[in-house]
Amino acid sequence: LLRDWRKELNRLLIVTFIFGCVGYFLNAMTLALLIALALYIGQNFYQLRRLHKWLSQDHINKSEPPESFGLWGDILDGIYRLQKRERKSSRKLKAIIDKAQESSAALEMAVVMVSKHSTLVWWNKAAETLLGLHFPNDQNQAVLNLIRDPRFADYFNSGSFTEPVVITSPGNKNLILEYHITLFGENERLIIVRDITQIHRLELMRKDFVGNVSHELGTPITVIKGYLENILDNADDLSEMWRNALLQMQQQSNRMENIVQDLLLLASLETKVIANHQESVNVRTLLNEIKSDTAQIFADKSHEFKIDCANEYTISADRSELYSAISNLAINAAKYTPVGGTIILSARREQDSFDIEVQDNGIGIEKHHLPRLTERFYRVDASRSSESGGTGLGLAIVKHIMVRHGANLKIISNPEKGSRFICSLPLARLIDSTEDSSGANNTHTIPDRPDIGARLH
Ligand code: ADP
């Protein structure tokens, strides 16, 4: 760098020296030096003008900078090198952007980028077909003006995007779309839309199939059960071997009937629209009913049943569904609690929920089973469960009913100590809660609370 400047200085000195000598011989020293200075400045101005002209060209990235020598040559060469590097990295960047756009265009799911002001910034090809967006007309338009379904608006404004929302396509009623929003940057959103028509159709087929098969199995089972009952009623002249075989057949056909009934109930819970009209349910009456029904079924186990319901609670719910859920829990408690055990049915208002709980001091459940307990046909111990007439569908039914009521099922259990199944209903379902003055309430302190928990939504 210093060498270049030295060269430039030398050049200036040589010019000054030559012009100085000529001036000296012609006896016009000052004039000669002035001319030398003017020439030097003129040359610099000329180079400056060329650079300025080149810089002000539109196609600066295309043309090369003007040729020059000396310090100006170095400066222009430097700019040329910078320009080349710049061109190379912008080519690389463009290739990356092209690839990203190509791959997003190849995506079957629609991707829409939304600014923090809820306007459309960018979308891929699939968004044009699935959502009918048009480029460039829809750019910077408010997203809610373009996707107008109120369910989408509710989802978009809710701020909670853990679960996707499923809505029929605005342009084509046969298309079922799943919208999933992800937050990024400064409150910007990425809307990912998937066409799930096929999956939805398969799911409907599965539900229909299970529903139809269960329904069709109902009659044959009833007939078989009827005949078995008749034969067993007149079984005196049968051999011991036949009697045992028939008894086992009766036991298994009872199990089959239970499975079919549970499958039918599940199918109807899945297909039934959530009723807007809900009844007022007196919780204590419901718990008392469940208590006596369960105690009657398991009379041989002499459990101690208790009700803990401090107030006269009235909630809004589907009574038969709620009965089915709590009764399933109570029957499980009785099934998995040895003779003489204690089962407590309780209800109470919590800080932000209304809880109905079934607690037992039975065999309990190991921690690793808890998250899978509400899956269909999941059993902790298949042999013990089917021995006790279990179908493996009870808790799946409870979970479905809870979801339909906007409630959660929480399971706390400890092997050998017992289990607690807590249904947490939204507080909005509690219509009335009057203090109990009758003294009929059977309160107690819950003994030795187990401490292993799993939350199921
Ligand atoms: P099942 O008809 O087999 O009882 P469920 O879906 O009702 O099916 O329950 C699933 C499994 O959870 C059962 O097989 C059982 O092992 C376990 N379980 C449910 N309730 C209890 C309970 N109160 N105590 C211990 N284990 C339980």
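One can find the structure itself at the top, above this paragraph.
Residues numbered from 1 in each chain as written. Predicted model: local features only at pLDDT ≥ 70, side-chain atom pairs only at ≥ 80, totals over all residues. Heavy atoms only, no water.

Novice: Looking at this structure, how should I read the overall build of the protein?
Specialist: The helix and strand tally for the protein stands at 12 helices and 14 strands. For the C-alpha atoms alone, the extent of the protein along its principal axes is close to 155 × 50 × 45 Å. Restricting to contacts in the protein with at least 6 residues of sequence separation, those with at least 24 account for 61%. A total of about 27,800 Å² of accessible surface is found on the protein, and carbon and sulfur atoms cover 57% of it. (Helix = DSSP H or I, 4+ residues; strand = E, 2+ residues; numbered from the N terminus. Contact = heavy atoms within 4.5 Å. Areas by Shrake-Rupley, 256 points an atom, 1.4 Å probe, with all protein chains shown as cover.)

Novice: Would you take a moment to explain a positive patch on the surface for this structure?
Specialist: A contiguous patch of positive charge, built from Lys84, Lys88, Arg91 and Lys92, is present on the exposed surface. Here lysine 92 shows up in helix H3 (residues 70-106). A residue is classified by how much of its surface remains accessible, and lysine 92, at 59% relative accessible area, is exposed. (Patch = residues over 30% accessible without salt bridge, like charges linked within 9 Å, V, L, I, M, F, W, Y side chains within 5 Å. Salt bridge = Lys/Arg side-chain N within 4 Å of Asp/Glu carboxyl O. Lys, Arg positive; Asp, Glu negative; His and termini not counted. Charge placed at Lys NZ, Arg CZ, Asp CG, Glu CD. Buried < 20%, exposed > 50% of the residue type's maximum accessible area, 1.4 Å probe, protein only.)

Novice: What is the right way to read helix H9 (residues 283-297) from this model?
Specialist: Along an α-helix, a turn takes 3.6 residues, which lines up residues three or four apart on a common side. Compared with the 21 Å implied by 1.5 Å per residue over 15 residues, the 21 Å span of H9 between its first and last C-alpha is a close match. For H9, the complete set of buried residues consists of Val283, Arg284, Leu286, Leu287, Ile290 and Thr294. Axial view of H9: buried residues confined to an arc of 155 degrees, hence all on one face. Looking at the buried side of H9, the elements it contacts are strand E6 (279-282), strand E7 (304-309), strand E8 (311-317), helix H10 (319-335), strand E9 (342-349) and strand E10 (353-360). (Expected span 1.5 Å × (residues − 1). Arc of directions from axis to C-beta.)

Novice: I keep staring at the pattern of salt bridges and nothing clicks. Help me out?
Specialist: Between side chains of opposite charge, a pair can form when the charged atoms approach closely. One pass over the structure, following the stated rule, counts 17 salt bridges. Aspartate 98 serves as the salt-bridge partner of lysine 94, at 3.2 Å between the closest nitrogen and oxygen. Within this pair, lysine 94 and its partner aspartate 98 are both found in helix H3, separated by four residues, close to a single helical turn. Judged by its relative accessible area of 51%, lysine 94 falls in the exposed class. By relative accessible area, which is 31% here, aspartate 98 ends up partly exposed. For glutamate 350, the salt bridge goes to arginine 348, with nearest N and O atoms at 2.9 Å. In this structure, a network of salt bridges that share partners links the residues Glu203, Arg206, Glu270 and Arg376.

Novice: Explain the packing of aromatic side chains to me, please; I cannot follow it from the model alone.
Specialist: Each aromatic ring pair is specified by the distance between its two centres and by the angle formed by the two planes. Considering all chains together, one arrives at six aromatic pairs under this definition. Ring geometry for phenylalanine 152 against tyrosine 179: centres 5.0 Å apart, planes inclined by 50 degrees, an arrangement best described as tilted. Taken as a pair, phenylalanine 152 in helix H6 (residues 150-158) and tyrosine 179 in strand E4 (residues 176-184) lie far apart in primary sequence, 27 residues in all. Exposure remark for tyrosine 179: the relative accessible area of 1% places this residue in the buried category. Through pairs of rings, three or more aromatic residues link up here, namely Phe152, Phe156 and Tyr179. (Phe/Tyr/Trp six-rings, centres within 6.5 Å; stacked < 30°, edge-to-face > 60°.)

Novice: Just to check I follow, could you spell out the packing of helix H1 (residues 2-25) against H3 for this structure?
Specialist: The angle between the axes and the distance between the axes are what describe a pair of packed helices. Closest axis-to-axis distance for the H1/H3 pair is 8 Å, and the angle between their directions is 145 degrees. Where H1 approaches H3, its residues Asp4, Trp5, Glu8 and Arg11 are matched on the opposing element by Gly70, Leu71 and Asp74. For the contact of H1 with H3, a count of residues per class yields two nonpolar, one polar and four charged. (Axes fitted to C-alpha atoms, helices over the stretch in contact; angles between N-to-C directions. Nonpolar A, V, L, I, M, F, W, Y, C, P; charged D, E, K, R; others polar.)

Novice: In this structure, what is going on with the pairing of strand E12 (residues 418-426)? I would like to understand it.
Specialist: In regular strands, side chains alternate between the two faces of the sheet. Of all nine residues making up E12, eight are buried, and the element is well covered by its neighbours. As paired elements, E10 and E12 share eight bridges and run antiparallel to each other. Bridging from a neighbouring strand, glutamate 357 pairs with isoleucine 422 of E12. Inspection of the sheet shows strand E11 (residues 408-414) paired to E12 by seven bridges, in the antiparallel sense. Looking at E12, one finds that lysine 410 is bridged to isoleucine 422. What sits between the antiparallel neighbours E11 and E12 is a turn of three residues, in which glutamate 416 has the positive phi angle 75 degrees. (Pairing = 2+ DSSP bridges.)

Novice: Even after reading the chapter, I still don't get the state of the cysteines, so can you show me in this structure?
Specialist: Each disulfide consists of one covalent bond between the sulfur atoms belonging to two cysteines. Applying the stated criterion to the full structure yields zero disulfides. Cysteine 423 takes part in no disulfide bond, and the closest cysteine sulfur, belonging to cysteine 309, lies 14 Å away. (Disulfide = S-S within 2.5 Å.)

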